[in-house]
Amino acid sequence: MNRKLIFAANWKMNKGPSETEDFLKSFLSKIQGQNFGSDIVIAPPFVSLSKLADVLHTRTAGANSPTIEIAAQNCSEHDSGAFTGEISVMMLREFFVHYVILGHSERRSLYGEVDAVINQKILKARDANLKPIFCIGETLAEREAGKLEAVLRTQISGGLHQVSEKDLSEIIIAYEPVWAIGTGVTATSEQAQDAHAFVRSVIADLYGADAAAKIRIQYGGSVKPGNAAELMACPDIDGALIGGAALDAQSFLEIIKNGSAQ
Ligand code: 13P
């Protein structure tokens, strides 16, 4: 199965509109005329979505320049109403958002998002035709206690409850071991490949072999220019969700370039 790689920058709470503009000026000039054959996505903070959309839509890209798609870092599970501080999927659509990161471990651990809420958000995102980047991953304590597979299976089946096979085909899974996020400790390519193969087997159990062969599974957790090639060479790794190393245009570019060459 030939799955297109997808490289997504999760900027987390970094880069307001002016820093977003600076990044794009540099990044767009670097990728001009280069076609990596991979999908490229940027997820800025909500307040920078408008700047990203404006710059990308007014850019005069050369015929060969890659498309960049826009992701949000979260969305509400509700349509509208008295939910102070929340952003709905329809609001995101106005900013040409195509993807939304859901279930990130920081949302789970710092903001109490449980599988059932993540599931509601995934269903809501699909209602609005957004593509969820559905994050899962174990803590170090869970891994050391031998609970890796149980944790991943629970997160996957909880998050995808009542998600149809058709909707699954528009979902990307991001496997992000919590102990590798922002720590500089990357999972070895063997650890990552084993976890990805397991995730794919759970999807096969839930949706069948065909759906499992098609779904794209990104790896996230201290991905850098120096380890992207080795990770992307693994048969079940279909891209990366990148935090810190995607804040710098040159480093994000090198990850895409090195990873896409695999
Ligand atoms: P780092 O690349 O900074 O480890 O972050 C990974 C991540 O959480 C992406 O969503």
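Nothing here was measured: the structure is a model prediction, and the numbers come from that model.

**Student:** So what's going on with the sheet that holds strand β1 (residues 6-10)? Which residues, and what values?
**Tutor:** An order of β1-β2-β3-β4-β5-β6-β7-β8 is seen for the 8 strands of this closed barrel, with the pairing classed as parallel. Between one strand and the next, the sheet's axes are offset by a mean angle of 25°, whatever the strand orientation. Bridge count between strand β7 (residues 216-220) and strand β8 (residues 239-242): 2 bridges; the pairing is parallel. Residue pairing in the sheet places Y219 in a bridge with A240 of β8.

**Student:** Tell me about the side chain of R108, and please be specific about residues and values.
**Tutor:** Here R108 shows up in helix α4 (residues 105-111). Of the residues examined, R108 reaches a relative accessible area of 17% and is grouped as buried. Of the polar contacts made by the side chain of R108, one reaches the side chain of D115; its length is 2.8 Å. Those residues in contact with R108 that sit more than four places away from it in its chain are G103, E113, D115, I118, F134, C135, I136 and Q155.

**Student:** For the packing of aromatic side chains, give the residues involved together with the corresponding values.
**Tutor:** Counted according to the given criterion, the structure contains 4 aromatic pairs. Joined through ring pairs, the aromatic side chains of W11, F23, F27 and F252 make up one cluster. For K15, the ring lying beneath its charged end belongs to W11, and the centroid distance is 5.5 Å. We note R107 situated over the ring of Y111; from NZ or CZ to the ring centre the distance is 4.2 Å.

**Student:** I'd like to hear about unusual backbone geometry, residue by residue, with values.
**Tutor:** At K12, a residue that is not glycine, the phi angle is positive and equals roughly 50°. Notably, K15 is not glycine yet its phi reads approximately 75°, a positive angle. With respect to the helices, strands and loops of the structure, K15 is situated in the loop between β1 and α1 (17-31).

**Student:** Give me the lowdown on the site of the ligand, citing residues and values where you can.
**Tutor:** As a structural note, the neighbourhood of the ligand is formed by 13 residues, with K12, H104, G182, S222 and G244 the closest of them. Between the ligand and the protein, one listed contact pairs an oxygen atom with a side-chain N or O atom of E176 at 2.9 Å. Note that an oxygen atom of the ligand is positioned 2.9 Å from one of the backbone N or O atoms of G243. Protein contact buries 95% of the 300 Å² of open area that the ligand shows by itself.

**Student:** Please set out the nonpolar core residue by residue, giving values where relevant.
**Tutor:** Of all hydrophobic cores here, the largest spans 72 residues; its most connected members are F27, L160 and F252. A total of 7 residues in this core trace back to one element, the largest contributor, which is helix α9 (residues 189-207). What L160 contacts, discounting residues up to four positions off in sequence, is N119, I122, F134, L168, I171, I203 and Y207. Counting residues in each nonpolar core, the second largest holds 12 residues, with I6, A8, A43 and A174 among its members.

**Student:** Residues and numbers for the pattern of salt bridges, please.
**Tutor:** Opposite charge on two side chains makes pairing possible when the charged atoms of those side chains draw close. In total, this model carries 16 salt bridges according to the counting rule given. A salt bridge links E113 to R107, with the shortest nitrogen-to-oxygen separation between them at 3.0 Å. According to the relative accessible area criterion, E113 is buried, its value standing at 8%. Between R126 and D167 there is a salt bridge, and its shortest N-O distance comes to 3.0 Å. Of the two residues, R126 is situated in helix α5 (residues 115-127) and D167 in helix α8 (residues 165-168); the sequence distance between them amounts to 41 residues. According to the relative accessible area criterion, R126 is buried, its value standing at 11%.

So, how was this worked out
- Residues numbered from 1 in each chain as written.
- Predicted model: local features only at pLDDT ≥ 70, side-chain atom pairs only at ≥ 80, totals over all residues.
- Heavy atoms only, no water.
- Pairing = 2+ DSSP bridges.
- Helix = DSSP H or I, 4+ residues; strand = E, 2+ residues; numbered from the N terminus.
- Axes fitted to C-alpha atoms, helices over the stretch in contact; angles between N-to-C directions.
- Buried < 20%, exposed > 50% of the residue type's maximum accessible area, 1.4 Å probe, protein only.
- Polar contact = N/O pair within 3.5 Å; in protein donor to acceptor, adjacent residues only side chain to side chain.
- Contact = heavy atoms within 4.5 Å.
- Phe/Tyr/Trp six-rings, centres within 6.5 Å; stacked < 30°, edge-to-face > 60°.
- Lys NZ or Arg CZ within 6 Å of the ring centre and 35° of its normal.
- Near = heavy atom within 4 Å.
- Areas by Shrake-Rupley, 256 points an atom, 1.4 Å probe, with all protein chains shown as cover.
- Core = buried A, V, L, I, M, F, W, Y, C linked by side-chain atoms within 4.5 Å.
- Salt bridge = Lys/Arg side-chain N within 4 Å of Asp/Glu carboxyl O.

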